[in-house]
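Each chain is listed here by its residues.
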Amino acid sequence: MSKALVLIAPGFEEIEFCVPVDILRRGEVDVTIASILEKKCSVKSRNGIMVEPDCLVSDLPSDLLYDLVFVPGGLPCAEAFVESKDFGEIYTKHNNAGKLVAAICASPMALNAHGINHGRKITSYPAMQSKLEGNYHYCSDAVVVDGNMITSRGPGTAFDFGFTLLELLKGKEVKDKIASGMLCS
């Protein structure tokens, strides 16, 4: 079974979190939700929805590799990822192992801050473009896949982002089946 890790921090954008997690779980991907906070507690989203993570990042075994690591956006969340040593270590480890690394909305700025895949194509929420252009080839597509790195623009592209992640993990047939069942085909 494919395994995915999603990191969250206070202020995460709930659509960018819930939609991809839902799509991946419908596709039978084992998704672990980990908070970058120091103590295990519910994490408040951008609009006040509380999410109970499965664990803390500090609880994850250091030798465990997931097939995919992704993060939602939301500016406060993305800024926390920029400052997070754990984020940088997890993304660097997974990227160096050739695993899928993904970010949506404002969170691609955390990829930049931690030196993940400079020189590749990237997208983000439009207001983040100036923070990325110097180190990446910026695109305005809804979802950009460049090698093992997947980025997307924001809440309105969350379905495209989630289905792209599912297809990369489980193949087009599974993605199409799940999309059809969700009336998204």
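Right above here is the structure, for reference.
The structure displayed is predicted, hence computed values, not measured ones.

(A) Structural context of the overall build of the protein chain. A tally of regular secondary structure across the protein chain gives seven helices and 11 strands. Referenced to the eigenvectors of the C-alpha coordinate spread, the extents of the protein chain come out at roughly 40 × 35 × 35 Å. Out of the 185 residues in the protein chain, the part that is buried amounts to 52%. Here the analysis covers contacts within the protein chain between residues at least 6 apart in sequence; of these, 63% occur between residues at least 24 apart. Within the structure as shown, the protein chain displays about 8,300 Å² of accessible surface, and the carbon and sulfur contribution to it stands at 49%. Separation between the mean location of the 18 positive side-chain charges and that of the 23 negative ones in the protein chain comes to 2 Å.

(B) Here's a closer look at the packing of aromatic side chains. The tally for this structure, following the rule as stated, stands at five aromatic pairs. Measuring from ring centre to ring centre gives 5.9 Å for phenylalanine 70 and phenylalanine 161, while their planes differ by 80°; the resulting arrangement is edge-to-face. In this pair, phenylalanine 70 sits in strand β6 (residues 68-71) while phenylalanine 161 sits in helix α6 (residues 158-170), placing the two residues 91 residues apart along the sequence. Looking at phenylalanine 161, the relative accessible area reads 0%, which means it is buried. The interplanar angle of 25° and the centroid separation of 5.2 Å between the aromatic rings of phenylalanine 81 and phenylalanine 87 together place this pair among those described as stacked. Under the relative-accessibility criterion, phenylalanine 81 is labelled buried at 0%. With relative accessibility at 0%, the residue phenylalanine 87 sits in the buried group. Through successive ring pairs, a cluster of aromatic residues spans Phe81, Phe87 and Tyr91.

(C) Broad picture of the pattern of salt bridges. Taken as a whole and judged by the stated rule, the model has eight salt bridges. Two residues, aspartate 22 and arginine 26, come together in a salt bridge whose shortest N-O distance is 2.5 Å. With aspartate 22 and arginine 26 both in helix α1 (residues 14-26) and four residues apart, the pair spans about one turn of that helix. Take arginine 26: its relative accessible area is 45%, and that puts it in the partly exposed class. For glutamate 167, the salt bridge is made with lysine 175, and the minimal N-O distance between the two is 3.8 Å.

(D) Main features of α6. Taking 1.5 Å as the rise per residue, α6 with 13 residues should run 18 Å; its terminal C-alpha atoms sit 18 Å apart, in good agreement. Inspection of α6 places Ala158, Phe161, Gly162, Phe163, Thr164, Leu165, Leu166 and Leu169 among the buried residues, and these make up the whole buried set. Residues of α6 that are buried in the fold lie against α1, β6, β7 (100-104), β10 (143-146), β11 (149-152) and α7 (172-181). Directly beyond the C-terminal end of α6, a positive phi value near 100° is found at glycine 171.

The rules behind the values
Residues numbered from 1 in each chain as written. Predicted model: local features only at pLDDT ≥ 70, side-chain atom pairs only at ≥ 80, totals over all residues. Heavy atoms only, no water. Helix = DSSP H or I, 4+ residues; strand = E, 2+ residues; numbered from the N terminus. Buried < 20%, exposed > 50% of the residue type's maximum accessible area, 1.4 Å probe, protein only. Contact = heavy atoms within 4.5 Å. Areas by Shrake-Rupley, 256 points an atom, 1.4 Å probe, with all protein chains shown as cover. Lys, Arg positive; Asp, Glu negative; His and termini not counted. Charge placed at Lys NZ, Arg CZ, Asp CG, Glu CD. Phe/Tyr/Trp six-rings, centres within 6.5 Å; stacked < 30°, edge-to-face > 60°. Salt bridge = Lys/Arg side-chain N within 4 Å of Asp/Glu carboxyl O. Expected span 1.5 Å × (residues − 1).

By themselves these figures say nothing about function.
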